[in-house]
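Spelled out, the chains give:
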Amino acid sequence: MNETTIDHEVIIVGAGFSGIGAAIKLREAGFEDFLIVDDADGVGGTWHWNTYPGVAVDIPSFSYQFSFDQRADWTRVYAPGRELKAYAESCVDKYGLRPRIRFGTTITDAEFDEERHLWRLRADFGEELRARYVISATGVLTRPKMPEIPGVGDFRGVTMHTSRWDHGQDLRGKRVAIIGTGASAVQVIPEIAPEVSHLVVFQRTPIWCLPRPDLPLPAPLRLALRLPGGRSLTRMISQTYVELTFPIAAHYYRSLPTAAMAERAGLAHLRRQVHDPVIREKLTPRYALGCKRPSFSNDYLAAFNRDNVLLETDPIREITATGVRTDATEHRADVLILATGFKVMESGNMPTYDLRGVGGRDLEKWWDEHRLQAYEGVSVPGFPNFFSVIGPYGYNGSSYFALIENQVRHILRCLRHARATGSTLVEVTEEANDRFFREMLSRRGGQVFWQESCSVANSYYFDKHGDVPLRPSTTVEAAWRSGHFDLNDYRFTSASWSAQPDAVRR
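Sequence positions are assigned chain by chain, starting from 1 and proceeding in written order. With pLDDT at 70 or above as the cut-off, local features in this predicted model cover only qualifying residues; side-chain atom pairs require 80 or more to be listed or tallied, and sums for whole chains, interfaces and linings still use all residues. Calculation of side-chain values draws on the structure's entire complement of heavy atoms; hydrogens and water are dropped beforehand.

These domain limits were set by an automatic method or by a database of domain assignments. Examined at the domain level, the protein breaks down into domain 1 (8–143 + 344–493) and domain 2 (158–216 + 222–338). One C-alpha centre belongs to domain 1, the other to domain 2, and the line joining them spans 27 Å. Tallying the contact residues gives 54 residues for domain 1 and 44 residues for domain 2. As used here, buried area is the combined drop in accessible area, with a 1.4 Å probe, of two parts when they are placed together. Roughly 4400 Å² of surface becomes buried between domain 1 and domain 2 when both sides are summed, with 51% attributable to carbon and sulfur atoms. Looking only at domain 1, the three residues that lose the most surface to domain 2 are Tyr52, Ala72 and Tyr78, adding up to 14% of its buried area. Each reported salt bridge corresponds to a side-chain nitrogen of Lys or Arg within 4 Å of a carboxyl oxygen of Asp or Glu. Remark: the boundary between domain 1 and domain 2 carries two salt bridges. Contacts described as polar in this section are N or O atom pairs within 3.5 Å, which, within protein, must combine one atom able to donate a hydrogen with one able to accept it, while residues neighboring in sequence count only if both atoms come from side chains. There are 28 residue pairs in polar contact (both at pLDDT 80 or more) connecting domain 1 and domain 2. Contact between two residues is taken to exist if any of their heavy atoms lie within 4.5 Å; hydrogens are not considered.

What follows is the structure, encoded as structure tokens:
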């Protein structure tokens, strides 16, 4: 085997929408030699793993889709999870990606070969894969976070995390305890409350819950979406709504009144939905809207009016063999549901495998020492030929599809330039990365996250350094920059042997 032999020009790690979007655009740009690997047995990422009752997108479906492949057959404004899973499957088939996906393959570590300008990726079964470039598309809402509560493994009933729902369990007539009141719990609770005998909800921090403008989309309306301009107009309205409800509200909190208006709407929604003033008080957030991602639901808050639903706000002391104990009470349960979210800003989740770059630099350790950072949310100095779709300061809180398209546009600019110049190494410069990081930090003053009340929000947005590595910008700005960043911010290098085309092992 030639020392410069690679298996594929590009390996994409992750078969969720990030990986699917990257693969579609690679093919469109003429990059045909790529492989997608995923540890699951199907595509969809978040929408493959999360199948709990009530799972649905939390922004209008018109925004939660690729701009270049807009569906006109969503059944609701907020599509249920099964339709997002079907959308992923349809994209894979439509763009001919299925033969290029390898399922059941967990990448455990990746190491950059400085001499040969390639990445060596090792899978859990010992195979080594070689690629010139790696695109990390592992996402952030796939690895469940287990609660650090004493006795969590001692419960003798059924335990399941919302992201690994066991559909073989019948909850009818059962006593159920659910820990967490985040986005997953907001969707699960109203779905299961009518069928269980008793449901106790353990809340650490109340969530801002806004009314959800969700309606079924009847056939005539779906037909209208197929008319010229129908989908474009609907998407424009949807994008404006999404932009106002989070990116602008959160990142321009000090200068625009959007968040204050939304807070008033949220409190009014709470007053309308919850009858008992004591329960209503417990469900009232004590932090500014935007400190953590708000939820949208028309039936979550009302579920606490039910006689069989109890809101418990006392801290959990331990989980016992038969239930959950606070200082004052032990709540007996047959089923324990963990709605405790995902490993988002935690070590080992971005990416989900060990990554060693130039000189053996370990990405996780480097971030531990230098704080989470990445140039335009894509590249980190010392890790050539490695690109992230969801990196620090890439996502601004809008649709993940906007993020995917922006980041992939950035990545392809680099790959096209490398191909045009015959380069085999692409690395962002330290100066460019430092400049971008300084810019991101300089914008923090206007964000909601730095309001005093956010200290009690228990938000996963905050990492171990106390930073919030979300991009403080509008989606329009992020899109523009993804196509106009200075290519001189990268170093493009050709190896001595690169005059000959790469050999490809089949």
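Now that the structure has been shown, we can carry on.
On to the sheet that holds strand β13 (residues 316–319), then. Should DSSP find at least two bridges between two strands, the strands are regarded as paired. Helix numbering and strand numbering both begin at the N terminus, where a helix is a DSSP run of H or I of at least 4 residues and a strand a DSSP run of E of at least 2. Here three strands make up an open sheet; going across it, the order is β13-β14-β15 and the pairing antiparallel. Bordering the open sheet on either side are β13 and β15 (330–332), each of which pairs with just one other strand. This sheet shows a mean twist of 20° between the axes of neighbouring strands, independent of strand direction. Here three bridges tie strand β14 (residues 323–326) to β15, and the two strands are oriented antiparallel to one another. Considered in β15, the bridge of Arg325 is made with Glu330. The axes used here are C-alpha line fits, helices contributing only the stretch in contact, and every angle between their N-to-C directions lies in the interval 0 to 180 degrees.

Our next topic: the confidence of the model for the protein. Caution is warranted with low-pLDDT regions, since their predicted coordinates should not be read in detail. Across the protein, pLDDT averages 93, with 96% of residues at or above 70. A residue's pLDDT is the confidence the predictor assigns to it, expressed on a 0 to 100 scale. Contacts for the low-pLDDT stretch residues 499–506, under 50 throughout, to residues beyond four places or in other chains number 18 contacts.

Turning our attention to the packing of aromatic side chains. Here a pair means two rings of Phe, Tyr or Trp (six-membered ring of Trp) with centres within 6.5 Å. Their orientation is stacked below 30 degrees between planes, edge-to-face above 60, and tilted elsewhere. One pass over the full model with this rule turns up 28 aromatic pairs. Aromatic side chains Phe112 and Trp119 sit 5.2 Å apart centroid to centroid with 55° between the ring planes, which places their arrangement in the tilted category. Burial status follows relative accessibility: with a 1.4 Å probe on protein chains alone, a residue under 20% of its type maximum counts as buried, one over 50% as exposed, and anything between as partly exposed. You can call Trp119 buried: its relative accessible area is 0%. Measuring from ring centre to ring centre gives 6.4 Å for Tyr133 and Phe387, while their planes differ by 40°; the resulting arrangement is tilted. Of this pair, Tyr133 sits in strand β6 (residues 128–136) while Phe387 sits in strand β18 (residues 386–388); the two residues are 254 residues apart in sequence, bridging distant segments of the chain. Among the residues examined, Phe387 registers a relative accessible area of 1% and is labelled buried. Grouped by ring-pair contacts, the aromatic residues Phe17, Trp47, Tyr64, Phe66, Phe68, Trp74, Tyr87, Tyr95 and Phe401 constitute a single cluster. Over a ring means this: the NZ of a Lys or the CZ of an Arg is within 6 Å of the ring centre and within 35 degrees of the ring normal. The aromatic ring of Tyr78 is capped on one face by Arg212, whose charged end is 5.0 Å from the ring centroid. The ring of Phe246 is capped by Arg293, whose NZ or CZ atom sits 5.4 Å from the centre of that ring.

Right, let's talk about the sheet that holds strand β7 (residues 158–161) for a bit. Whether parallel or antiparallel, the strands of a sheet pair through hydrogen bonds between backbone atoms. If you walk across this open sheet you meet the five strands as β7-β16-β8-β9-β12, and the pairing is parallel. Either end of the sheet is taken by a strand with one partner, and the two such strands are β7 and β12 (309–312). Strand after strand, the sheet turns through a mean of 15° between neighbouring axes, direction not considered. Bridging between strand β8 (residues 175–179) and strand β9 (residues 198–202) involves five bridges; their strand directions are parallel. Considered in β9, the bridge of Ala177 is made with Val200. Across the sheet, helix α4 (residues 183–192) is in contact with β8, β9 and β16 (335–338); its angle to β8 comes to roughly 170°.

Proteins that are soluble and globular tend to have nonpolar side chains buried together. With 136 residues, the main nonpolar core has Ile12, Phe17, Ile20, Leu121 and Leu199 as its most contacted residues. Sorting elements by how many residues they give to this core places helix α11 (residues 400–421) first, with 10 residues. Apart from the residues lying within four places of it in its own chain, the contact partners of Ile20 are Ala15, Val43, Phe66, Ala88, Cys91, Val92 and Leu97. Put simply, a nonpolar core is a bunch of buried Ala, Val, Leu, Ile, Met, Phe, Trp, Tyr and Cys residues held in one set by side-chain atoms that sit within 4.5 Å of each other. Counting residues in hydrophobic clusters, the runner-up holds 11 residues, among them Ile179, Val324, Ala333 and Leu338.

Further remarks concern the pairing of strand β1 (residues 8–13). For β1, a buried count of six out of six residues is recorded, marking the element as mostly surrounded by other parts of the structure. Across five bridges, the pairing between β1 and β6 is parallel. Among the inter-strand pairings, Ile12 is bridged to a residue of β6, identified as Ile135. Both β1 and strand β2 (residues 34–37) contribute to a ladder of four bridges, which runs parallel. Opposite Ile12, over in β2, you have Ile36 as the bridge partner. The crossover handedness rule: strands pointing away from the viewer, path from first strand over the helix to second strand clockwise, crossover right-handed. Crossover connection from β1 via helix α1 (residues 17–28) to parallel β2: handedness right-handed.

Running from N to C, α1 and α11 point in directions that differ by 40°, and their axes come no closer than 9 Å. One way to sum up the angle between α1 and α11 is to call them oblique. When the axes of α1 and α11 are compared, the crossing they make is right-handed. Of α11, the residues touching α1 (which contributes Phe17, Ser18, Gly21, Ala22, Lys25 and Leu26) are Phe401, Ile404, Val408, Leu412 and Leu415. Our angle categories are set so that under 35 degrees counts as roughly parallel, over 145 as roughly antiparallel, 65 to 115 as roughly perpendicular, and the remainder as oblique. Handedness of a crossing follows from how the near helix is turned relative to the far one, being left-handed for an anticlockwise turn of less than a right angle and right-handed for a clockwise one.

Here we take up the environment of Ile411. Secondary-structure assignment places Ile411 in helix α11. Accessibility expressed as a relative area gives 1% for Ile411, which makes it buried. Sequence-distant contacts of Ile411, defined by excluding residues within four places in its chain, comprise Ile135, Val378, Phe387, Ser388 and Val389.

You can see Val200 is positioned in strand β9. By relative accessible area, Val200 is classed as buried at 1%. A sequence separation of 25 residues divides Val200 from Arg175, and the C-alpha atoms of the two residues are 8.2 Å apart. Val200 has contacts with Val176, Ala177, Ile178, Leu310, Glu312 and His331, leaving out every residue within four places of it along the chain.

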